[in-house]
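Okay, here's what each chain looks like letter by letter:
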Amino acid sequence: MSNLASTPVFSDMEAAEIAAAFFGISGRVTPLPGERDQNFLVTTKNGRSCVLKIANAAEDRSILEAQHQAMDFLGRHVSFCPKTMPARSGDHLVPVHSEKTGTHLVRLVSYIQGTPMGLVKRRSPGLFMDLGRSLGLMDKALAGFSHPAVHRDFHWDLAHASGVVNQYISHVTDTHLRDLIAQCTREFENTTLALLQTLRKSVIHNDANDYNVLAGGGTDLYSRNQSVTGIIDFGDMVYSHTVCDPAIAAAYAVLDMPDPLQTAAGIIKGYHQVYPLDDTEISVLFSLICMRLCVSACLAAFQHKQRPDDPYLRISQVPIKKMLPILASVDPAFATGVFRFSCGLEPFPKSRPVQAWLAENRHLCFPVMGEPLVQENCTVLDLGLDSPFVSGDPTAPAPDAFARHLSARLKQTGAGYGIGRYKEARLGQASFSKKNPVPKKGITPCVHLCMEVIAPQDAPVYAPFAGRIHSVTKNRAADHQGTALVLEHTPGQDIVFYTIFKGLSSSSIACLSLGETIEKGQAMGAVASLSENGGWPPHVRLQLVTDLMGYGSDFPYACCRDQTGVWTQISLDPNLVFQIPDTCFPIPKPTKQETLAARRRRISDNLSIGYHDPVKIVRGWQQYLFDDTGRQFLDAYNNVPHVGHCHPAVIQAGVKQMKCLNTNTRYLHDAIIVYADKLSATMPEPLEVCFFLNSASEANELAVRLAKAHTGQKDFIVLEGAYHGNTNTLIDMSPYKHGGPGGEGPPDWVHTAPVADVYRGPYKKADPLAGKKYADHVQNIIQNLAADNKKPAGFMAESYPSVGGQIIFPSAYLAGVYDHVRAAGGVCIADEVQTGYGRIGTHFYAFLAQNVVPDIVILGKPIGNGHPIAALVTTKEIAQSFVTGMEFFSTFGGNTVSCAIGQKVLEITLAQNLQENAQKVGTHLLERLHSLKKRYQVIGDVRGSGLFIGMELVRDHNTLEPADQEAAFVVNRMRDKGILMGTDGPLHNVVKIRPPLVITKQDADFIADTMEEIFAQDFA
Ligand SMILES: Cc1ncc(COP(=O)(O)O)c(C=O)c1O
């Protein structure tokens, strides 16, 4: 380690003088980071930048020369390394003397634009891949470079890692950390050291830490700073094992990353693509990664003893202290499997001969259930994410109901055995248990690695092959884990595999003992009872594993979806043993890509698909949605599932009515009356007559007809940015559509008033008369109509515009408008499709918050919780005007099933007091978002009421330039992090939050925390 006393301490001015005197470069000088050297950025008047590097006085000249030659050499092969720049004398190194620190060698190199990777807060998989690729290209080039000075004995050379650790470990005072370092070092000495001797060597950079890697590039928010522009600082160059270079880069890159293995795998994948690693190199990578961190911890501990007052030394070690325990808990064989898989190689090569042996020796296998499982005696069950067999409700007493279902199904098919599939993604208990309802990372183990055979209780279970009892857990009924029996099979040279049996009764395996030999076809145990299986139907679970990786009988029976490729190569398909014919298995469901392609073929492009990475949703429960891989999303987007996705009481109401009768309004039935009674009870007088329809478009269309019939007029006033539905008339009345792409503008009977937006509109929040002033614009329209001898038929507006950008009207606005419209004889139509049913928290309808009573209220989306219902509620008088002799009929509107469902949704909304929940959770979320606004410039406005919330993003607080790309970016990043939301507003720059009303404070915190993370990464 270089002597601290010889570290250069030149001032900026002295550095500027050196640059001018020796290199003929004058300009502004700014210091750059450097630990044992001094670096200065010199920027000339014409904008040229270069770096003046003043070496430690203790630095060996030959090492500096080697660095210089390496950079020169690399300059001919890669574009991302600094280029050397000669001094006026023609030399590359010039000596400069300091009284305090001695003689320093000074050189000048080109400056590379970029941000140190350590300061890039969002580090995507693409960035890590690019780092691997760049490093690979550099090492590939350096393979042709040599210099005697780098053949040195250097403490940062990982080849000597165990020596360095052993020398300095005593300085590590944290005993836990010391134990972990000792554990990693033992592993390194026992397995890695010998392998290292066989590996290729070359000159390597040896220090691609995240301050020596510069990131930059990118033309948009997604790609900004996500590629490598430079690898700098060749001060640690050494001739060593080539594989140390990607290992060192990975060691630093994984720090603070939530998924260190995948991060490292990304670097390794990039490296392997351009400079392939061989099997042995990949096998030592994990150990080298750990050792780099151990060496760093030991050297820092030693330096800390020398410089106890240097806080940097302690701070820099915090991430290592956090990461080492995580890495130490990973089985090196598994890590190697992950790395191999990322390189496109078989993750566990020893699985292949096992697979081949099992395939070739099918005839040697004894049937586990005593008879072959074939079409006649077994039925393959769908227990997947969208299976009707499984409940989405984690609190449902699933096992009993499930068992009944299964036995009924087996009886129905006449099959004796029910088969649970391998590699099936299932709703894990863990995915939304009551204890942990918020998916922090949204990723939980849910892909099954075993197969189940549901069989009669006490059915004997036989050994498929001869083996030895590797482990046996006899009685864990208390924790519902059941028993576990692991057999080790060694049927041929180099062929070892394990069969893990779960679900056998404790009594049936009581006599088995560890190490005991089991004959092929020996009855080892019997299927446990329902009660012994924690209430699940009697079944035996079989897993086929090629490496127990120290897990024994606790070997994971499910894995996270993104690791399926690796886990299924170590936990093989148990059907290699069961041998159930392929014809018994249903055709696999289409993958997301297949669904996407089919959708593009069959469904018009006019129907947009959300998110850059579309989501294939297969199940919903309360405020959660699940994609086809089992990933849980918090739904902060959909206002339709008002009382929560798949509410059992709503489903039951629909099913009950559907079983009995579903017909139209031409017959008398109480369902429509009860529903109309309950609905009108939520409205102020004189709103009492209901029409039921299938969609809000249909309801708004009817409202237009009612207004025309009532007034005899045909002109309507609407608001800027409004959307009211998809029919011809409503597109004409929706500036959001007719004023947007593909729109043809409004017809002459539609008049658009400015929306009362106190953030973006002409009258602002601070103006106490803003409401009146906006309302006056409607009066102007009415006066203009009068000048043409016309009167308005009506005014149609959302009581708080959602599509228009989640806008909260100023007080007195709607009251003013309604007065003007009514004075001119028009009808006031409140579109409460988005805001109705308690969403705004303070009131059940948003018009109540504006102190008005409309003449017609339109309800849609939430009132059916997903079932297509809409309603129009109006006065007797207006309804009567519509009785013109022309009958009104909607085939499905008001049908008995819809009314039963509508009634239940309303009942739940009131009974669960969801309005109050909206108020409580919404207020909390708004507070959190307001606090974000104070910290992030890009947030222009946060507004809302209850769970009707908008966050408007702008690029400039004065011009209010809309940050539409930024809003889309935030929404896409939220989706990546497991939260669904969307953008809205005519300028597409408003992030809208409109979740089902059942979300909790914890969910709200999850939303705010995740947003904060995104803003901190990309907008700080
Ligand atoms: C305010 C408003 N009104 C009416 C509609 C039309 O509803 P539907 O698509 O159910 O016909 C929508 C739909 O987004 C809406 O947001």
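Structure's up top.
Counting restarts for each chain: residues are numbered from 1 in the order of the written sequence. Confidence filtering applies because this is a predicted model: local features only for residues at pLDDT of at least 70, side-chain atom pairs given and counted only at 80 or more, and all residues used for totals across whole chains, interfaces and linings. In computing side-chain values, all of the structure's heavy atoms are included and hydrogens and water are not.

Trainee: What is the right way to read the overall build of the protein from this model?
Mentor: Labels follow the DSSP assignment, with helices taken as runs of H or I lasting at least four residues and strands as runs of E lasting at least two, numbered in each case from the N terminus. When you go through the protein residue by residue, the secondary structure sums to 29 helices and 39 strands. A principal-axis box enclosing the C-alpha atoms of the protein has dimensions of 105 × 85 × 50 Å. Between two residues, a contact is recorded if the distance between any of their heavy atoms is within 4.5 Å. A sequence separation of at least 24 residues applies to 74% of the contacts in the protein between residues at least 6 apart. Just so you have it, the protein exposes about 42,700 Å², and 53% of that area is on carbon and sulfur atoms. Charge separation in the protein, taken as the distance between the mean sites of 92 positive and 100 negative side-chain charges, equals 1 Å. In these tables, accessible area is a Shrake-Rupley quantity obtained with a 1.4 Å probe, and a residue counts as shielded only by the protein chains included in the view. Only four residue types enter the charge count: Lys and Arg as positive, Asp and Glu as negative, with His and the chain ends excluded. Charge coordinates come from a single atom per side chain, which is NZ of Lys, CZ of Arg, CG of Asp or CD of Glu.

Trainee: So what exactly am I meant to see when it comes to the site of the ligand here?
Mentor: Around the ligand sit 13 residues in total, of which Ala696, Ser697, Asp831, Gln834 and Lys861 are the nearest. Throughout this description, a polar contact denotes any pair of N or O atoms lying within 3.5 Å of each other; where both atoms belong to protein, one of them has to be capable of donating a hydrogen while the other can accept it, and for residues adjacent in sequence the pair is counted only when both atoms sit in side chains. The contact in question runs from a nitrogen atom of the ligand to an N or O atom on the side chain of Asp831, over 2.7 Å. At 2.7 Å, a side-chain N or O of Gln834 approaches an oxygen atom of the ligand. In isolation the ligand exposes 390 Å². Once the protein is present, 84% of that is buried. If you tally residues by element for the shell around the ligand, the top one is helix α19 (residues 696–711), at three residues. All residues other than Ala, Val, Leu, Ile, Met, Phe, Trp, Tyr, Cys, Pro, Asp, Glu, Lys and Arg, Gly among them, are scored as polar; the first ten of these are nonpolar and the last four charged. Classifying every residue of the shell around the ligand gives four nonpolar, six polar and three charged. To be near a molecule or strand, a residue needs just one of its heavy atoms within 4 Å of it.

Trainee: Explanation requested: the pairing of strand β2 (residues 38–44) in the structure shown.
Mentor: Where a strand is regular, its side chains alternate between the two sheet faces. Under the scheme applied here, a residue whose accessible area is under 20% of the maximum for its type counts as buried, over 50% as exposed, and between as partly exposed, the area being computed with a 1.4 Å probe on protein chains only. The element β2 is extensively covered by neighbouring structure, given that seven of its seven residues are classed as buried. Residues Gln38, Phe40, Val42 and Thr44 line one face of β2 and the alternating positions Asn39, Leu41 and Thr43 line the opposite face, and both faces are buried. A pair of strands is considered paired only if DSSP assigns at least 2 bridges between the two. One ladder, built from six bridges, connects strand β1 (residues 27–32) with β2; its direction is antiparallel. Pairing of Val29 across the sheet is with Val42, part of β2. Linking two consecutive strands that pair antiparallel, namely β1 and β2, is a turn of five residues. Across six bridges, β2 lies against strand β3 (residues 49–54) in antiparallel orientation. Bridged to Val42 within β3 is Cys50. With antiparallel pairing between neighbouring strands as the criterion, β2 and β3 make up a hairpin whose turn holds four residues, including Gly47 at a positive phi of roughly 90°.

Trainee: I would appreciate a short explanation of the side chain of Ser553 in the present structure.
Mentor: Take Ser553: it is sitting in the loop between β22 (539–545) and β23 (558–559). Classification of Ser553 by relative accessible area gives buried; the value is 9%. At a separation of 3.1 Å, a polar atom in the side chain of Ser553 contacts the side chain of Thr473.

Trainee: For this particular structure, what's the right way to read the sheet that holds strand β28 (residues 689–693)?
Mentor: Strands pair in a sheet through their backbones, by hydrogen bonds, and they do so in one of two ways: parallel or antiparallel. One open sheet accounts for seven strands, arranged β28-β34-β33-β32-β31-β29-β30; its pairing is mixed. At either end of the open sheet lies a strand with only one pairing partner, and these are β28 and β30 (750–753). Pairwise comparison of adjacent strand axes, ignoring direction, gives a mean angle of 20° for this sheet. Pairing of strand β29 (residues 715–719) with β30, which is carried by four bridges, proceeds in the parallel orientation. If you follow Phe716 over to β30, its bridge partner there is Val750. With axes taken as lines fitted to C-alpha atoms, and helix axes fitted only over the stretch in contact, angles between N-to-C directions fall between 0 and 180 degrees.

Trainee: Looking at this structure, how should I read the packing of helix α3 (residues 125–142) against helix α7 (residues 260–274)?
Mentor: When two helices pack together, their arrangement is captured by the angle between the axes and the distance separating the axes. For the pair α3 and α7, interaxial distance at closest approach is 6 Å and the crossing angle is 40°. When the interaxial angle is binned, α3 and α7 end up oblique. Along this stretch, α3 crosses α7, giving a crossing that reads as right-handed. Residue-level contacts link Phe128, Met129, Leu131, Gly132, Arg133, Leu135, Gly136, Leu137, Asp139 and Lys140 of α3 to Thr263, Gly266, Ile267, Lys269, Gly270, Tyr271, Gln273 and Val274 of α7. Each angle gets one of four labels, with under 35 degrees taken as roughly parallel, over 145 as roughly antiparallel, 65 to 115 as roughly perpendicular, and the rest as oblique. Here a crossing is called left-handed whenever its near helix is offset anticlockwise from the far helix by less than a right angle, and right-handed whenever the offset is clockwise.

Trainee: What is the right way to read the pattern of salt bridges from this model?
Mentor: Pairs can form between side chains of opposite charge once their charged atoms are near each other. Criterion for a salt bridge: a side-chain nitrogen of Lys or Arg within 4 Å of a carboxyl oxygen of Asp or Glu. By the definition in use, this model includes 43 salt bridges. Residue Asp547 pairs with Lys350 through a salt bridge whose shortest N-O separation is 3.5 Å. Placement of Asp547 in the loop between β22 and β23 and of Lys350 in the loop between α10 (332–342) and α11 (351–360) is noted, with a sequence separation of 197 residues between them. Given a relative accessible area of 17%, Asp547 falls into the buried group. Two residues, Asp976 and Arg975, come together in a salt bridge whose shortest N-O distance is 3.7 Å. Since its relative accessible area comes to 36%, Asp976 is described here as partly exposed. On the basis of relative accessible area, Arg975 is assigned to the buried category, the value being 5%. Connected through salt bridges with shared partners, the residues Asp382, Asp386, Arg421, Glu424, Arg426, Glu452 and Lys589 form a single ionic network.

Trainee: Before we go on, may I ask you to explain the side chain of Ser342 in this structure?
Mentor: You can see Ser342 is positioned in helix α10. Polar contacts involving the side chain of Ser342 include one to the main-chain carbonyl oxygen of Ala265, which spans 3.3 Å. Filtering out sequence-adjacent residues up to four positions away, Ser342 remains in contact with Ala265 and Lys269.

Trainee: Hey, could you run me through the nonpolar core in this one?
Mentor: As used here, the term nonpolar core means buried Ala, Val, Leu, Ile, Met, Phe, Trp, Tyr and Cys residues forming a set that is joined through side-chain atoms within 4.5 Å. Phe339, Phe795, Tyr813 and Phe1015 are the most contacted members of the largest nonpolar core, which totals 216 residues. Here Phe339 is in contact with Leu261, Ala264, Ala265, Ile268, Ile282, Leu285, Phe286 and Ile289, once residues within four sequence places are set aside. With 40 residues, the next largest nonpolar core counts Leu358, Ala459, Phe497 and Leu512 among its residues.

Trainee: Teacher, can you tell me more about the pairing of strand β36 (residues 948–953) here?
Mentor: The buried count for β36 comes to six of six residues, which makes it a mostly enclosed element. Of the two faces of β36, the one carrying Phe948, Gly950 and Glu952 and the one carrying Ile949, Met951 and Leu953 are both buried. Sheet topology places strand β35 (residues 939–945) next to β36; six bridges connect them, and they run antiparallel. Across the sheet, the residue bridging to Ser945 is Phe948, located in β36. The loop that links β35 with its antiparallel partner β36 comprises two residues; one of these, Gly946, has a positive phi angle of about 60°. Note that β36 and strand β39 (residues 990–993) share four bridges and pair antiparallel. Within β39, the residue paired with Gly950 across the bridge is Lys992.

Trainee: Is there a simple way to think about the sheet that holds β35 in this case?
Mentor: Reading across from one edge, β35-β36-β39-β38 is the order of the four strands in this open sheet, with antiparallel pairing throughout. Two strands in the sheet have a free side with no partner beyond their single neighbour: β35 and β38 (982–984). The average undirected angle you get between the axes of adjacent strands in this sheet is 30°. Note that β38 and β39 share three bridges and pair antiparallel. The residue bridging Gly982 from the neighbouring strand is Lys992, located in β39. On top of the sheet, helix α27 (residues 914–935) reaches β35, β36 and β39; it is set at about 170° to β35, its chief contact. Running over the sheet, helix α28 (residues 964–976) touches β36, β38 and β39 and is turned about 155° from β38.

Trainee: Help me understand helix α5 (residues 175–196) in this model?
Mentor: One full turn of an α-helix is made of 3.6 residues, so residues set three or four places apart face in the same direction. Across the chain, bend at a residue is computed as the angle between axes fitted to the seven residues ending at that point and the seven starting from it. A maximum bend of about 45° is found in α5 at Glu189. Along α5, the residues that are buried comprise Leu177, Leu180, Ile181, Cys184, Thr185, Phe188, Thr192 and Leu196. Buried residues along α5 sit against α4 (161–168), β11 (238–241), α8 (279–306) and α9 (311–328). N-cap assignment for α5: the residue whose side-chain oxygen lies 2.9 Å from the backbone N of His176 is Asp174.

Trainee: Is there a simple way to think about the packing of aromatic side chains in this case?
Mentor: The geometry of an aromatic ring pair comes down to the distance between the two centres and the angle between the two planes. Two rings belonging to Phe, Tyr or Trp (six-membered ring only in the last case) form a pair when the distance between their centres is within 6.5 Å. Interplanar angles under 30 degrees mark stacking, angles over 60 mark edge-to-face geometry, and anything in between is tilted. In this structure the tally under the stated criterion is 28 aromatic pairs. Relative to Phe555, the ring of Tyr551 has its centre 5.5 Å away and its plane inclined at 75°; by these criteria the two rings are edge-to-face. Judged by its relative accessible area of 1%, Phe555 falls in the buried class. Ring pairing ties together the aromatic residues Tyr222, Tyr936, Phe969, Phe1015 and Phe1019, which thus form one cluster. Definition used: whenever NZ (Lys) or CZ (Arg) falls within 6 Å of the ring centre and also within 35 degrees of the ring normal, the charge is taken to sit over that ring. Its end group placed over the ring of Tyr557, Arg541 keeps NZ or CZ at 4.3 Å from the ring centre. A cation over an aromatic ring shows up here: Lys737 above the ring of Tyr723, its NZ or CZ 5.5 Å from the ring centre.

Trainee: I would appreciate a short explanation of unusual backbone geometry in the present structure.
Mentor: Of all residues except glycine, most have a negative phi; of all peptide bonds, most are trans. Cis geometry marks the peptide bond from Glu685 to Pro686, where omega comes out at 0°. Checked against the element boundaries, Pro686 lands in the loop between α18 (670–681) and β28. In the Ramachandran plot, Lys423 falls in the positive-phi region, its phi being about 65° despite a non-glycine side chain. Looking at where Lys423 falls in the secondary structure, it is placed in the loop between β13 (417–420) and β14 (447–448). A positive phi angle, close to 65°, is found at Asn789, a residue other than glycine.

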